[in-house]
Amino acid sequence: MEEEAGEEPGLERSTAPKDFHFYHMDLYDSEDRLQIFPEGNARMRREVVQAEMTKEPREAIKVRAQRDLEEEVNELAHLYGLEDDHELGDEFVGENTLRMGISEYPPYVMRRREPAREQRDWQYSGETAETEDLSFGGWGSTGQCQDLREAYRYTRGRSSEEYECYVIPEEEDEEEAPDIFCVTCKTPIRACEKVLDEHKEHEMTPLNKALESAKDEIHKNMFKLEKQIIEMENFASHLEEVFITVEENFGRQEQNFESHYNEILETLAQKYEEKIQALGEKKKEKLEALYEQLVSCGENLETCKELMETIEEICHEEKVDFMKDAVIMADRLGQFLKTKTDVELSAQPDFEDQTLDFSDVEQLMDSINTIPAPSAPVINPQVPNSATGSSVRVCWSLYSDDTVESYKLSYWPVTDGSPQEDQAEFTVTVKETYCSVTNLAPNTQYEFWVTAQNRTGTSLASEHAVYMTAPSPPIIKIREIRSCEEAALICWESGNLNPVDSYTVELTQAEVPEGSGVTESIVGIPTCEALVQLQPKQSYMIYVRALNMGGPSARSKPATVHTTGSCFHLNKDTCHPWLTISEDGFTIVRSEKKTPARELLPSNIQFTSCVAVMGNLIPVRGRHYWEVEVDEHLDYTVGVAFEDVPKQEDLGSNCHSWCMRHTFASSRHKYEFLHNKMTPDIRVTVPPRKIGVLLDYENSKLSFFNVDISQHLHTFICQPHQFVHPCFSLGKPGCLKIHNGISMPNHVAFY
Amino acid sequence: MALKEISSNKCFGGLQKVFEHDSVELNCKMKFAVYLPPKAETGKCPALYWLSGLSCTEQNFISKSGYHQAASEHGLVIVVPDTSPRGCNIEGEDESWDFGTGAGFYVDATEDPWKTNYRMYSYITQELPQLINANFPVDPQRMSIFGHSMGGHGALICALKNPGKYKSVSAFAPICNPVLCPWGKKAFSGYLGSDQSKWQAYDATHLVKAYPGSQLDILIDQGKDDQFLSDGQLLPDNFIAACAEKKIPVVFRLQEGYDHSYYFIATFIMDHIRHHAKYLNA
């Protein structure tokens, strides 16, 4: 057995580089090894199978998993002073490898391994035999074994491969284990032999140390090998590719030749047929002409003979008769002789010069080495999300047999209904089967078609395909953004003339450093408006994209939203004409000079009687807080109202509005908290300069505060059935300043 | 200063207790009620003192006002003292309901025979807080005061005479200007003598005029159908005018249809507790 095990690797050595034998799979983790050899390496397998033929059962390797064996290993470890069983296992394998691969070291390896093997055999012989029978049904030829191994490997998975390598060839017994290594002889020896003449002058190392260095060496070599194997495998797969390509190319060329030859032969055969037929016809024609001539010639001869006979008869007649007949005869004869006898050959027996026209054949012959004109390419439909606002990527494919030198891509914009005859057509010539067409108009459909060309000719045009460019980026209406602590209402202009499919809102937290911020997207928004849920007390950058089937537009310019407090804007459409709103949008001014009082038509939108303006608060049922800076002598009204509050009525004079009204008359301040014309009787000793308004949908309350001294002024209990909006009114010339986006003061939380 | 527990009842998760102790200031046994909210089990809570009106004991407020839920939710210890010394055997102490027993007016009497016992001002501002701070889980730094009628007067003068001592003050139908009303005149002349200039030291409207202006948010509710309002006993307008003059923040709410009773108090007690909680729990 030992011989067998040694022999196979020997054979290997002749076919593979020697180094290969340093590689033993089991020195590595089996998982790793599998990655290195994605497809079972035949050579390795053979080696293993051969090793197994040594009848050292693979069960010997189950070893590690089994308790008995662990004990055994521990025993061995103890025997050899080794630390752990794993190392020991490796060592065995290493030894095995060494033996098989490096012929220089065999004696040392064998001797050390010997006792272990003995024990193992003794311990496992029974079990081994059983398992062998069960799983392999005995050991057949190498090939058979291999098949069985494949099957076994399949059923057992990767783990089984681990076993393959624990092969300890049998070895002869030795009385005493060597413990020293002679470097010069490269032989392990017993300590007692050290003094022998043979090793006297030799360099000695302790066996363990020698073992270590030998193992190191092996590991290094194996690492090299591993790399080499990977390279080789890469090269092999490359070769395989080349092989397939060559095969395909030549196959194609063969076909090409065959079809050309067939074509030429057909042409020649056709020419032959034509020629033969022409010749036959000519022959028939000539023969017929000659025959006709012959017949007429014979007839002439008959006539001459008859005339002769008649004349002879006349000569024998009486004078009177003779004369009578002779005159008639002479006339007849004269008439006969007058008719010209045609003795010219009507048909020449020789051939006219016949030249055969082989020019087309020659052309065919010439074209054997050329290629057919390509057939029409197949244009692909547009890949979703592949377009930008100014470009589309058009793709097509060709029939694999065709040879194409270039493609001509043509296109024009799709226009509704109008005839396309006078439309400008654009073309691009490319070598690839795709083309990124640029400088297109956004959100526009284009019709594309493509032809293929080679030096033989141009194909038919492909079908027409419609591609669409992505839309232009929308434009966020920054001044119309409304927000509160939990949400923001973003509106934008489409930015495109044609409708788009949908919009996407993207948001990132602005304070997070660039790059690390997570972008949240809200997709499929059908309108130019979105209510976005946000976290309180954060800053967000918000972008909008428009989408169509071509893809998304670029991002819009960003809008920044701070979710501190609530932000709203005044709705200028509601503004009474006597009020002006400052540039920043938050100061409301009623000027001294009254504009000429003109009759205002009643409106549902604009305040016509009450000199007021309404803000647009975000429609979110949370808490909203804002402040209004006032002059303490000013007549003002602040509060909330439904959007459809009657615009010709004063704020607070109906059940659609709730407000605080201040009037200053004869140095007395009057504060009213009006709803439906009613107010509680409340006196306030310190006129507020800044009024805080808390709208709390959750608790159905509307509260007013004197901000400077945190004083609670009044709370309405109101249950608005729809959303309300801030309202501001000035009873006398003066101004109000609105403070937005401020966090709610703590004291406000008690109301 | 041994406390004797008279009663203890669980209420809105906390405990409504009544104690009796020997008052040093008043030289008699005094009862007071204290409500300990659930929060007091785990930590110190702010204390809110309630001063009752004429003829009341510690019982009226704790049984009629319905303050417990709000106090429980805001985590306030409510301390309710009696309205005067009792059983001092002073001649005439039980003769009328608006003087003597049940009508201490929260002043320190300077006239015989009242001056040894009728020291309600010192009792309310000194002795009782010390007793409460020493015996209950309260935060001495956070206290406020409120009251009704005579107690409203008491609350206002305690706050106005001790700037910064009370975080906030509020009152139901307080006697705002006692020196000008019949009740006040009777009581002050009895307790403080005939020198009206001494009276001003216990008059809220006068005290406001000298108030140094530390932040004090005053909430006053007044029933519009209060008989004593129309009788000129309460005079809130004088107080409001003085506050407006001195820019002392007051929100005065004249409540349509309400009278002087505990029904009125019960209606707005929540607003007052919240008013104090805003400052005590800020």
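Predicted, not measured: the structure shown is a model, and the values here were computed from it. (Residues numbered from 1 in each chain as written. Chains lettered and ligands numbered in written order. Predicted model: local features only at pLDDT ≥ 70, side-chain atom pairs only at ≥ 80, totals over all residues. Heavy atoms only, no water.)

## As for the UniProt feature "coiled-coil region" (unreviewed entry) in chain A
This is how the line gets drawn: UniProt positions are given in the numbering used here, feature names are shortened, and annotations may be inferred rather than shown by experiment. The helix and strand labels rest on DSSP assignments: H or I over at least four residues marks a helix, E over at least two residues marks a strand, and numbering proceeds from the N terminus.
Under the feature "coiled-coil region" (unreviewed entry), the UniProt entry names residues 262-289 of chain A. Span residues 262-289 of chain A is 100% helix and 0% strand, its end C-alpha atoms 41 Å apart.

## Focus on the sheet that holds strand β1 (residues 4-11) of chain B
In plain terms, the rule: Strands are treated as partners if at least two bridges between them are detected by DSSP. The convention used is that axes are lines fitted to C-alpha atoms, helices contributing only their stretch in contact, and that angles between N-to-C directions extend from 0 to 180 degrees. Every residue pair with non-hydrogen atoms within 4.5 Å of one another is taken to be in contact.
Pairing in this open sheet of ten strands is mixed, and the strands run β29(A)-β9(B)-β8(B)-β7(B)-β6(B)-β4(B)-β5(B)-β3(B)-β2(B)-β1(B) from one edge to the other. In the strand order of this sheet, the two ends are held by β29 (681-684) of chain A together with β1 of chain B, each with one partner. Looking at each pair of strands side by side, their axes are set apart by 20° on average, direction ignored. Sheet topology note: the strand β3 (residues 28-36) of chain B/strand β5 (residues 77-81) of chain B ladder contains four bridges and is antiparallel. The residue of β5(B) that forms the bridge with B:Ala33 is B:Val80. Helix α4 (residues 150-161) of chain B contacts β4 (45-51), β6 (138-148), β7 (169-172) and β8 (218-223) of chain B of the sheet and is inclined by roughly 140° relative to β6(B). On the sheet, helix α9 (residues 236-246) of chain B packs against β29 of chain A together with β8 and β9 (250-255) of chain B and is oriented at approximately 155° with respect to β9(B).

## Considering the confidence of the model for chain A
Residues and elements named next belong to chain A. Applicable threshold: Confidence of the prediction at every residue is given by pLDDT, a number between 0 and 100.
Summary statistics for chain A give a mean pLDDT of 76 and a share of 70% for residues scoring 70 or more. Contacts from residues 1-65, a stretch scored under 50 in pLDDT, to residues over four places away or in other chains number 143 contacts. In this model residues 157-174 is a low-confidence stretch, pLDDT under 50, and it forms 65 contacts with partners more than four residues away in sequence or in other chains.

## A short note on the pattern of salt bridges
Residues and elements named next belong to chain A. Test applied: In what follows, salt bridge is the name for a side-chain nitrogen of Lys or Arg lying within 4 Å of a carboxyl oxygen of Asp or Glu. The buried label goes to any residue with under 20% of its type's maximum accessible area, the exposed label to any with over 50%, and the partly exposed label to all in between, with areas taken from a 1.4 Å probe on protein chains only.
Under the counting rule described, the total for this entry stands at 25 salt bridges over all chains. Close ionic contact of Lys732 with Asp635 constitutes a salt bridge, the shortest N to O distance being 3.4 Å. With Lys732 in the loop between β33 (724-730) and β34 (734-739) and Asp635 in the loop between β25 (623-629) and β26 (636-642), this pair connects stretches of sequence that are 97 residues apart. On the accessibility criterion, Lys732 (34% relative accessible area) is partly exposed. By relative accessible area, Asp635 is classed as buried at 11%.

## Here we look at the interface of chain A and chain B
Inclusion rule: Buried area is calculated as the accessible area (1.4 Å probe) missing from two parts once they are joined, with the contributions of both summed. We call two N or O atoms a polar contact when they sit within 3.5 Å, provided that within protein one can donate a hydrogen and the other can accept it, with sequence-adjacent residues counted only if both atoms are side-chain atoms. Amino acid classes used here: Ala, Val, Leu, Ile, Met, Phe, Trp, Tyr, Cys and Pro are nonpolar; Asp, Glu, Lys and Arg are charged; the rest, including Gly, are polar.
Facing the 17 residues of chain A at the interface are 22 residues of chain B. Both faces combined, the contact of chain A with chain B buries some 1,700 Å², and carbon together with sulfur accounts for 53% of it. The largest contributions to the chain A side of the interface with chain B come from A:Arg683, A:Thr685 and A:Phe750, which together make up 43% of the buried area. Where chain A packs against chain B, one counts two salt bridges. A salt bridge links A:Glu632 to B:Lys247; the nearest nitrogen and oxygen atoms lie 3.9 Å apart. Inspection of the chain A/chain B interface yields eight residue pairs in polar contact (both at pLDDT 80 or more). Within the residue set of the side of chain A that touches chain B, elements represented by two or more residues are β29 and β32 (711-717) of chain A. No other element matches β29(A), which puts four residues into the side of chain A that touches chain B. Tallied by class, residues from the side of chain A that touches chain B come to eight nonpolar, five polar and four charged.

## Observations concerning the environment of B:Trp97
Residues and elements named next belong to chain B. One can find Trp97 in the loop between β5 and α3 (120-135). Note on Trp97: relative accessible area 48%, which makes it partly exposed. For Trp97 and Cys56, which are 41 residues apart along the polypeptide, the C-alpha to C-alpha distance reads 9.7 Å. Residue contacts for Trp97: discarding those within four places in its chain leaves Leu54, Ser55, Gly102, Ala103 and Trp183.

## Some details on the nonpolar core
Where we set the bar: Buried residues of nine kinds, namely Ala, Val, Leu, Ile, Met, Phe, Trp, Tyr and Cys, make up a nonpolar core once their side-chain atoms join them within 4.5 Å.
Residues B:Phe32, B:Phe61, B:Ile78, B:Phe105, B:Ile145, B:Tyr191 and B:Phe239 are the most contacted members of the largest nonpolar core, which totals 106 residues. For B:Phe239, the residues in contact, after removing those within four places along its chain, are B:Leu156, B:Leu160, B:Cys176, B:Ala204, B:Thr205, B:Val208, B:Ile218, B:Ile220 and B:Val250. In terms of nonpolar packing, the next biggest core, distinct from the first, is built from 40 residues, A:Val628, A:Leu634, A:Trp658 and A:Tyr671 among them.

## Brief notes about the side chain of A:Thr504
Note that A:Thr504 resides in strand β15 (residues 502-509). If we skip the residues at most four places from it in the chain, A:Thr504 touches A:Ser521, A:Ile522, A:Val523, A:Tyr543, A:Val544, A:Arg545 and A:Leu547.

## Regarding the packing of aromatic side chains
Two aromatic rings, taken as a pair, are described by how far apart their centres are and by the angle between their planes. Operational definition: Under the pairing criterion, centres of Phe, Tyr and Trp rings, with the six-membered ring standing for Trp, must be within 6.5 Å; the plane angle then separates stacked pairs below 30 degrees from edge-to-face pairs above 60, leaving the rest tilted. Should the NZ of a Lys or the CZ of an Arg lie within 6 Å of a ring centre and within 35 degrees of the ring normal, that charge is described as sitting over the ring.
Scanning all chains against the criterion turns up 39 aromatic pairs over all chains. Ring centres of A:Tyr446 and A:Phe448 lie 6.5 Å apart, and the angle between their planes is 50°; this geometry places the pair in the tilted category. As far as the burial class goes, A:Tyr446 and A:Phe448 line up, both buried. Each ring, one from A:Phe448 and one from A:Tyr467, has its centre 5.5 Å from the other, and the planes form 70°; the classification is edge-to-face. A residue pair is termed long-range when its members are at least 10 positions apart, and A:Phe448 in strand β9 (residues 445-454) and A:Tyr467 in strand β11 (residues 465-468) qualify at 19 residues. Note on A:Tyr467: relative accessible area 1%, which makes it buried. A network of ring pairs unites the aromatic residues B:Tyr35, B:Trp50, B:Phe61, B:Tyr67, B:Phe146, B:Phe172, B:Tyr258, B:Phe264 and B:Phe268 as a single cluster. A cation over an aromatic ring shows up here: A:Arg621 above the ring of A:Phe723, its NZ or CZ 5.0 Å from the ring centre. When the ring centre of A:Phe607 is taken as reference, the NZ or CZ atom of A:Lys647 above it lies at 5.7 Å.

## Description of the UniProt feature "active site" (unreviewed entry) in chain B
Residue and element names in this part refer to chain B. Within this structure's numbering, the places UniProt gives as "active site" (unreviewed entry) are Ser149, Asp226 and His260. With the annotated positions falling across 112 residues, the maximum pairwise C-alpha distance of 10.8 Å places them together in a single cluster. The exposure class of Asp226 is buried, given its relative accessible area of 1%. One polar contact links Asp226 to Gln222, side chain to side chain, over a distance of 3.0 Å. With respect to the secondary-structure elements, His260 resides in the loop between β9 and α10 (262-280). Setting aside residues no more than four positions away along its own chain, His260 makes contact with His148, Ser149, Ala173, Asp226, Phe228 and Leu234.

## Here's the deal with the sheet that holds strand β1 (residues 180-182) of chain A
All names here are of chain A. Here we have three strands laid out as an open sheet, ordered β2-β1-β3, and antiparallel in their pairing. Taken across any chain shown, the strands that pair with only one partner, and hence form the sheet edges, are β2 (187-189) and β3 (204-206). Direction aside, the axes of adjacent strands within the sheet are offset by 35° on average. The pairing of β1 with β3 spans three bridges and is antiparallel. What sits directly across from Phe181, in β3, is Thr205.

## Examining the environment of B:Ser84
All names here are of chain B. When you line up the elements, Ser84 lands in the loop between β5 and α3. When its relative accessible area of 0% is taken as the criterion, Ser84 is described as buried. Separated by 15 residues in sequence, Ser84 and Phe99 have C-alpha atoms that sit 9.7 Å apart. Not counting the four nearest positions on each side in its chain, Ser84 is found in contact with Met30, Gly100, Thr101, Gly102, Ala103, Gly104, Tyr118 and Met120. Reaching out from Ser84, the side chain makes a polar contact with the backbone nitrogen of Gly102 at a distance of 2.6 Å.

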